[in-house]
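Take a look at the letters that make up each chain.
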Amino acid sequence: MAILTGYDAIFTNSNSLTPNPTMRVRRSLLFVPGDSRRKIEKAATLGADVVCLDMEDGVALSQKAAARESIRQALQSINFGRSERMIRINPYGSGLETEDLRLTISGRPDSVLLPKVESAEALHWLDAQLTAAEQANGWPAGGIEMLALVETARGIVNLKEIASATPRLTALIFGAEDLASDIGAVRTPEAWEVFYARSAVVTHAAAFGLQAIDMVFVDFNDTEGLLRECRQGMQMGYSGKQLIHPNQIAPANEAFTPDDAAIARARRIVEAFEQHQATGVGAFALDGKMVDMPVVKAAQQVLAKARAAGRS
Ligand code: COA
Ligand code: MG
């Protein structure tokens, strides 16, 4: 597991919360139907930052019990390498969530993803369940992270209480398909129908020091389209993407890792800034463009992401 480290003193001037310095790298989050041992075994070998063993939408109602059992066994017997081991349980209030957790937690996942989150109450419930499991098993308190998938109109409207519900929460995830069906929108490649919500999720994540993980791209044979949507999400501030197929992992890892040109430019900005600071100059010009504090902070973020991905 790579860790973001080395945020510089520059961030201490910031008014907003900065990303957690020990945040996991989550460029690629691959969903795997929990009832498919074959897919779980394959997923463990693919180099995804996160493998998410699913009990919710990827599993038929008749297979929920089988998925719980296969996930518990997989967590106990399969080596996932450097991939984070995440589980997705069914939504709070579905009637399935308590058993989902009870029958899989002994596999000691790294993190639990709660879908269709609409309130802080749902996250408080999960937080309490995880605290109890940690106590019962003698695991470190607060060690299992929580992620909230926000994908309903109510979830979007309640983002502030969701994002601030518990310190155990480390990421917000945006679900476009469920949101579109909830609000009566028709999905299009341009995704303007979900743009307000997509933007609201990443903004609330930043405001509360959380990661933001972008929507699924369902056409898993269209790599160009996937790359375009990854870049758009990255430009909006997302740090990773939900994925459904092995083909999508390499493009997502690439799109959410700063490339050579971005790293070189960020280095030049930071160096020039330090020189100008030393001579008492705040704003200055570099390559014909104005550089001031926000530009420098953005450059620092690029370098931190590059370091986290092992690129510098
Ligand atoms: N995780 C792990 N392995 C996967 C995978 C996934 N999400 N999706 C496909 N694979 C495997 C397949 O098993 C196959 O491996 P094999 O040849 O060794 O059997 C290989 O990758 C190629 O798969 P392919 O034939 O192209 O796709 P498919 O028809 O088997 O599956 C989906 C297509 C969409 C059903 C499948 O990708 C999937 O289940 N995705 C996840 C869906 C999901 O979780 N949805 C809910 C969250 S949004
Ligand atoms: Mg869903």
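Residues numbered from 1 in each chain as written. Chains lettered and ligands numbered in written order. Predicted model: local features only at pLDDT ≥ 70, side-chain atom pairs only at ≥ 80, totals over all residues. Heavy atoms only, no water.

**Describing the overall build of the protein chain**
Helices and strands together make up the secondary structure of the protein chain, namely 12 helices and 10 strands. For the protein chain, whose C-alpha radius of gyration is 20 Å, the value lies close to the compact-globule estimate of 20 Å for 312 residues. Along the first, second and third principal axes, the C-alpha set of the protein chain runs to 65 × 45 × 40 Å. For the protein chain, long-range pairs separated by at least 24 residues make up 70% of all intrachain contacts whose partners lie at least 6 apart in sequence. Just so you have it, the protein chain exposes about 14,300 Å², and 53% of that area is on carbon and sulfur atoms. If the 32 positive side-chain charges of the protein chain are averaged to one point and the 37 negative ones to another, these points end up 4 Å apart. (Helix = DSSP H or I, 4+ residues; strand = E, 2+ residues; numbered from the N terminus. Rg over C-alpha atoms; globule rule 2.2 N^0.38 Å. Contact = heavy atoms within 4.5 Å. Areas by Shrake-Rupley, 256 points an atom, 1.4 Å probe, with all protein chains shown as cover. Lys, Arg positive; Asp, Glu negative; His and termini not counted. Charge placed at Lys NZ, Arg CZ, Asp CG, Glu CD.)

**Describing the site of ligand 1**
Neighbouring ligand 1 are 14 residues, the closest being F31, R38, K39, I244 and H245. Between ligand 1 and F31, the relevant distance is 2.8 Å, taken from a nitrogen atom to a main-chain nitrogen or oxygen of the residue. Contact distances for ligand 1 include 3.3 Å between an oxygen atom and a side-chain N or O atom of K42. Protein chains bury 63% of the 880 Å² of accessible surface belonging to ligand 1 in isolation. Broken down by element, the shell around ligand 1 gets its largest block of residues, four residues, from strand β1 (residues 28-33). (Near = heavy atom within 4 Å. Polar contact = N/O pair within 3.5 Å; in protein donor to acceptor, adjacent residues only side chain to side chain.)

**Comments concerning the sheet that holds strand β2 (residues 50-54)**
If you walk around this closed barrel you meet the eight strands as β1-β2-β3-β4-β5-β6-β7-β8, and the pairing is parallel. Here the average twist between neighbouring strands, direction ignored, is 25 degrees. Pairing of strand β6 (residues 169-174) with strand β7 (residues 211-214), which is carried by three bridges, proceeds in the parallel orientation. By the bridge assignment for β7, A171 is matched with Q211. Each of β2 and β3 (84-88) is contacted by helix α2 (residues 64-77), which is oriented at about 150 degrees to β2, the strand it contacts most. Strands β5 (145-150), β6 and β7 of the sheet are contacted by helix α8 (residues 195-207), whose axis makes an angle of about 170 degrees with β6. (Pairing = 2+ DSSP bridges. Axes fitted to C-alpha atoms, helices over the stretch in contact; angles between N-to-C directions.)

**Regarding the coordination of the magnesium ion (ligand 2)**
Within the first shell, the magnesium ion (ligand 2) binds the protein through D57 (OD) and D178 (OD), at distances of 2.1 to 2.2 Å. Separated by 121 residues along the polypeptide, D57 in the loop between β2 and α2 and D178 in helix α7 (residues 176-183) bring together distant segments of the chain. Judged by its relative accessible area of 49%, D57 is partly exposed. Judged by its relative accessible area of 23%, D178 falls in the partly exposed class. (Donors = N, O, S within 2.8 Å, 3.2 Å for Na, K, Ca; no water. Buried < 20%, exposed > 50% of the residue type's maximum accessible area, 1.4 Å probe, protein only.)

**A closer look at the domain arrangement of the protein chain**
When the domains of the protein chain are assigned, the result is domain 1 (7-256) and domain 2 (261-308). Each of domain 1 and domain 2 has a C-alpha centre, and these two points are 32 Å apart. (Domains from an automatic or database assignment.)

**A look at helix α4 (residues 120-137)**
Helix length check: α4, at 18 residues, gives a terminal C-alpha distance of 26 Å against a target of 26 Å (1.5 Å per residue), a fit within 8%. Among the residues of α4, those classed as buried are A120, A122, L123, W125, L126, D127, L130, A133 and E134. On its buried side, α4 packs onto α3 (97-104), β4 (111-114), β5, α6 (159-163) and β6. Following α4 by one or two positions, G138 adopts a phi angle in the positive range, close to 70 degrees. (Expected span 1.5 Å × (residues − 1).)

**Regarding unusual backbone geometry**
Of note in this structure, R108 is not a glycine but carries a positive phi near 50 degrees. One can find R108 in the loop between α3 and β4. If you check the backbone angles, A191 has positive phi at about 65 degrees while not being a glycine. One can find A191 in the loop between α7 and α8.

**Points about the pairing of β6**
Of all six residues in β6, six are buried; the element is thus mostly enclosed. Across five bridges, the pairing between β5 and β6 is parallel. Paired with A148 across the bridge in β6 is L172.

**Comments concerning a nonpolar patch on the surface**
There is a patch of nonpolar side chains on the surface, built from V218, F220 and I244 and spanning about 240 Å² of accessible area. As for its position among the elements, F220 is in the loop between β7 and α9 (223-236). (Patch = residues over 30% accessible without salt bridge, like charges linked within 9 Å, V, L, I, M, F, W, Y side chains within 5 Å. Salt bridge = Lys/Arg side-chain N within 4 Å of Asp/Glu carboxyl O.)

**Brief notes about the pattern of salt bridges**
According to the stated counting rule, one finds 27 salt bridges in the structure shown. In this structure, the salt-bridge partner of E177 is R187, at a minimum N-O distance of 3.3 Å. With E177 in helix α7 and R187 in the loop between α7 and α8, the pair connects residues that are 10 residues apart, well separated along the chain.

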